[in-house]
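Coordinates in review
Each chain, letter by letter, is given below.
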Amino acid sequence: MSQTLELLDYRRQVSEQYARTRSGGDGQGPWQAWRDDRDRLFATHPQSPIEDRAAFTALPYFEYDPAWRVIGAFTPADDEEVVISHSDEGSTSFRRAGQVSFEIIDQTRTLNVMWLNAYGGGVFLPFRDGTNGHLTYGGGRYLLDTVKGADLGHSGDGMVLDFNYAYHPSCVHSPRWSCPLAPPGNTLDIEVTAGERLSK
C-alpha cells in the first residue's frame, strides 16, 4: 500500500476511535477503550509515530479522573491570524476562531480555539500547563485536532473538553515528525494531571 493510502487509513481509524468514544459517553470505560485502540494502532500501523513498533507495549497516561471532564462555553473571536511554530522547522497558519471558558479546580479558565487556514479547515486546541517539561512534553499537548479526527463532540452549545484524552504530538515519539506546538498564550496555570504523560 502506498504511504498516501496508509496515512488515509491511519486517519480514518483515528476518526473511528473518536466516533466510538462520542457514542460511548463519558466515564472510564470509553476512555480505556480509546486507550486500547490507540495502543493497538501505534503498535501495528505502518504510519505509527513509534519508531520501534516491535518493542512498543503501551503509552503512559495519568490515572483517569472524571474531574478533568468539563463542558466549555465557546465565544467567537475576531479571526485574528495565528502562526504557530513547529517542533522542528516550519510553521502552520491558523486563525483564532474563539475562546472556550470552563470551570476547573474552582476557577474559570480560558483557552483559545484555533481554526486551520488550509483547505477544509478544522478545529485545533493545543495547550500548555504546569506539567510540561517534567511530567509531559515541554511543547504542550493536544486536546482537539479535528483534521485528524480528534473530536470529543459537544453538549448543547458547549464544547466537550476531557483532559483525560489529552495527547502528545507525534514529534514526541519520533524526530521524523515536525508538529505545531501549543502557543505560549494557550497556557493553563495549573498542572493538568490527566491524559498522556511521559514515561514514569
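Please refer to the structure higher up on the page.
Residues numbered from 1 in each chain as written. Predicted model: local features only at pLDDT ≥ 70, side-chain atom pairs only at ≥ 80, totals over all residues. Heavy atoms only, no water.

**Some words on the pattern of salt bridges**
Inspection of the entire model under this criterion finds twelve salt bridges. A salt bridge links R20 to D37, with the shortest nitrogen-to-oxygen separation between them at 2.8 Å. Taken together, the positions of R20 in helix α1 (residues 3–24) and D37 in helix α2 (residues 28–44) put the pair 17 residues apart, joining distant regions of the chain. Three or more residues joined by partner-sharing salt bridges are found here, namely D26, R69 and D162. (Salt bridge = Lys/Arg side-chain N within 4 Å of Asp/Glu carboxyl O. Helix = DSSP H or I, 4+ residues; strand = E, 2+ residues; numbered from the N terminus.)

**Digging into the packing of aromatic side chains**
Here the structure, examined in full by the defined rule, presents twelve aromatic pairs. Ring geometry for F124 and Y142: centres 4.9 Å apart, planes at 80 degrees, overall edge-to-face. With a gap of 18 residues between them, F124 in strand β5 (residues 123–127) and Y142 in strand β6 (residues 141–145) connect regions that are remote in the sequence. Take F124 and Y142: they sit in the same class, and that class is buried. Considering the side-chain rings of F127 and F163, the 5.2 Å spacing of their centres and the 90 degrees angle between planes classify their relative orientation as edge-to-face. (Phe/Tyr/Trp six-rings, centres within 6.5 Å; stacked < 30°, edge-to-face > 60°. Buried < 20%, exposed > 50% of the residue type's maximum accessible area, 1.4 Å probe, protein only.)

**Describing the pairing of strand β8 (residues 158–162)**
Burial of β8 is extensive: five of the five residues sit out of reach of the surface. Bridging between strand β1 (residues 69–76) and β8 involves five bridges; their strand directions are antiparallel. Bridge assignment links R69 to a residue of β8, and that residue is D162. Pairing between strand β7 (residues 154–155) and β8: two bridges, direction antiparallel. Note that in β8 the partner of H154 across the bridge is M159. (Pairing = 2+ DSSP bridges.)

**Considerations on the pairing of strand β4 (residues 107–116)**
Of the pairings in the sheet, the one linking strand β3 (residues 91–104) to β4 comprises ten bridges and is antiparallel in character. Bridge assignment links R96 to a residue of β4, and that residue is M114. In this structure, the hairpin formed by β3 and β4 is closed by a connection of two residues, where I105 is found at a positive phi of approximately 50 degrees. Where β4 meets β5, two bridges bridge the pair, whose relative direction is antiparallel. Along β5, the bridge assignment pairs M114 with F124. Connecting the antiparallel pair β4 and β5 is a turn made up of six residues, with G120 showing a positive phi of about 90 degrees.

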